[in-house]
Each structure stands twice: as structure tokens, then as C-alpha cells.
Amino acid sequence: MQSTSIVQAPALKPGDAVELIRRAAALIFDVDGTLAETEELHRRAFNHAFARHGLGWHWDRAVYKDLLRVTGGKERIRAHHERLRIAPSLSDEDIAELHRIKTAHYAELIETGCCPLRPGVADLLAAALSRGQRLAIATTTSHGNIDALLSQALGKRWAADFDAIVAGDDVRHKKPASDVYLEILARLKLAPMECVAIEDSANGLIAASRANIPVLVTRSMFFRDDDFSEARFVLDDLSGLGRPGRGCRSKN
């Protein structure tokens, strides 16, 4: 029996979380923290890059949790440097090189197989495909990071199952701006209420909500205490959402 807890709006019944998923024409997934608990590997990869660059920086979990409020790896590096108030500032080239080293090391860590998909994710993806639902990804991470994770978890041809993939570098503004979700809706040619966004952070919830997309939150390691009061549902994980059921219903 599943022990997944659900925090819901008063008007909703426990079974409605499953029904919300089944009724959607498309499921739109965040990546880091949502599909897999990747943030600890990102933290380790950042520290590796800092050591290689001779900066003497080290992000412990408390520091990294605070920096996660800044979306985007390069933006996070710059924000940390500015908080240190050390002159001269890092150049764009320095930051790009740090991020390149970090991204390469992250891929190496992922390739060890140490970061599986979170509970329920694989079943939900398989069930959605069997029901004829469309899948999409809306994330602030890079295409390289997405591919590193999902090639390991789902196989080299994973992208064939997704109708739209929008990463942070594809849009002008990253989450909590709604840019990635608005771009996803344009590519899918769907209305917001025909979709469900699956997120793990307040920034992700805000981004999807600004695009008027219903949001289901799956709590992750670094964002468990975020404010999720605007989400349709808040789950500990996605277990049970992929169990067999009726096909998705027409919205027309």
C-alpha cells in the first residue's frame, strides 16, 4: 500500500490527483529534483569546478540550498561571487568556463548510475504514453544536463517520447518567469488547462502558475519547506499516479 501523502485544496478528493493526471492532454515535467534527486550531484560538480579553477570556494548543503533560489547555474555562480564582495568580479568567460567544467563533471557523476529516477516517475511516464498523453519538459537546466540524466535513466532514444523540450538557455527569462511554460504551450499548441505541470520547487510552481497551468508538486530534498499553497496537489513522490486506468478524456 502506498504511503504517499497528499496535501490538497478542500474542494478536492484524494483520488482527484490521479484523475487530474489522467485527464491531461499533456504532462509537463521539470527535471532537477522532480524526475530525479540531482541537486546533490550538481552541488558536488560545482565544488569540483571551483577546486579545478583554484577559487577556494565550497558550497555546503546550507549554502547551496540558499543559492537554489537563484535559477540557472551560471547565474548561481555570479550571485555567490557578488555576495562575497570580492573584486574584481568574475568575467563572463570565467563563469562560462566554471560552468563548462561543472557540467562535464556532473555528466561523469550521472554516468556512474548513482542517480535513478524518483519513485513513480518511470511508471507515470509509461502510463502516460500508453494512454496517448503527450510528454514535455520545461526546465532551467541545460540540454546537456537533461540528456546526461535521461540517457542513463531511460536509454539513448529517450527524447523520442517527448513532444517538446524547453531548457533554460532556450528562453530569455528563467523560472520563476513563465517563459519556459509559455514556450511549451506554443510548441504543443495546447491551452494551459489541458496540461499539468509537475514541479518540485516554489520557483517552478510560480512559473507554471503564471502560465495558468495546473501544478502538481512532488516534494524534493532541497525544497521540502517551500510554500506550495497554490499547487493543486502536493505529494511526497509520484508513486501510484501511473497505475492502470482509463484513457485521457477529450476536452472538447
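Everything quoted here is computed from the prediction, not taken from an experiment.

Re the packing of helix H4 (residues 73-84) against helix H5 (residues 92-111)
The N-to-C vectors of H4 and H5 enclose an angle of 120 degrees; their axes lie 9 Å apart at closest approach. Relative to H5, the element H4 is oriented oblique. For the pair H4 and H5, the sense of crossing is right-handed. On H5, the residues that touch Gly73, Lys74, Ile77 and Arg78 of H4 are Asp92, Ile95, Ala96, Leu98 and His99. When its residues are assigned to classes, the contact of H4 with H5 shows 4 nonpolar, 2 polar and 3 charged.

With respect to the packing of aromatic side chains
The tally for this structure, following the rule as stated, stands at 8 aromatic pairs. Directly above the aromatic system of phenylalanine 46 lies the positively charged group of lysine 102, at a separation of 4.7 Å from the ring centroid. Positioned above the aromatic ring of tyrosine 106, the side-chain terminus of lysine 102 is 5.3 Å from the ring centre.

Describing helix H1 (residues 16-23)
Among the 8 residues in H1, 6 count as buried, and that is most of the element. What H1 keeps buried is the set Ala17, Val18, Glu19, Leu20, Ile21 and Arg22.

A look at H4
Its 12 residues give H4 an end-to-end C-alpha distance of 17 Å, which sits within 8% of 16 Å, the value for a rise of 1.5 Å per residue. Considered for burial, the residues of H4 that qualify are Gly73, Arg76, Ile77, Ala79, His80 and His81. Summarising the contacts, the buried residues of H4 are in contact with helix H2 (39-52), helix H3 (61-67) and H5. Looking one or two residues past H4, arginine 85 carries a phi angle of roughly 55 degrees, positive in sign.

Remarks on empty space enclosed by the protein
Scanning all chains against the criterion turns up 1 cavity of 30 Å³ or more. Volume-wise, the largest cavity comes out at about 370 Å³. Residue lining of the largest cavity: 29 residues in total, with Asp32, Gly72, Arg76, Thr140 and Thr141 positioned closest to the centre. Counting only elements with at least two residues in the lining of the largest cavity, the list comes to H2, H4, H5 and helix H9 (202-210).

Let's talk about the nonpolar core
Judged by nonpolar contacts, the single largest core of 39 residues is most densely connected at Leu27, Phe29, Leu216, Leu238 and Leu241. With near-sequence residues (within four places) excluded, phenylalanine 29 lies in contact with Leu35, Leu124, Leu125, Leu135, Ala136, Ile137, Ala138, Ile198 and Leu238. One finds Ile28, Leu205, Phe228 and Val234 within the second-largest nonpolar core, a separate group that totals 25 residues.

Overview of the packing of H2 against H5
One can describe the packing of H2 onto H5 by two numbers: an axis separation of 8 Å at closest approach and a directional angle of 130 degrees. The angle between the axes of H2 and H5 places the two elements in the oblique class. In this structure, H2 meets H5 at a crossing whose hand is right-handed. Here H2 contributes Leu41, His42, Arg44, Ala45, Phe46, His48, Ala49, Phe50 and Arg52 to the contact with H5, which in turn contributes Leu98, Ile101, Lys102, His105, Tyr106, Leu109 and Ile110. Partitioned by chemical class, the residues of the contact of H2 with H5 number 10 nonpolar, 3 polar and 3 charged.

Reading guide: rules and limits
- Residues numbered from 1 in each chain as written.
- Predicted model: local features only at pLDDT ≥ 70, side-chain atom pairs only at ≥ 80, totals over all residues.
- Heavy atoms only, no water.
- Axes fitted to C-alpha atoms, helices over the stretch in contact; angles between N-to-C directions.
- Helix = DSSP H or I, 4+ residues; strand = E, 2+ residues; numbered from the N terminus.
- Parallel < 35°, antiparallel > 145°, perpendicular 65-115°, else oblique.
- Left-handed = near helix turned anticlockwise from the far one by under 90°.
- Contact = heavy atoms within 4.5 Å.
- Nonpolar A, V, L, I, M, F, W, Y, C, P; charged D, E, K, R; others polar.
- Phe/Tyr/Trp six-rings, centres within 6.5 Å; stacked < 30°, edge-to-face > 60°.
- Lys NZ or Arg CZ within 6 Å of the ring centre and 35° of its normal.
- Buried < 20%, exposed > 50% of the residue type's maximum accessible area, 1.4 Å probe, protein only.
- Expected span 1.5 Å × (residues − 1).
- 1 Å grid on protein atoms, 1.4 Å probe; cavity = no way out; pocket = protein on both sides within 12 Å on 5 of 7 lines; lining within 4 Å.
- Points joined across faces, edges and corners; volume = space filled by probe spheres on them.
- Core = buried A, V, L, I, M, F, W, Y, C linked by side-chain atoms within 4.5 Å.

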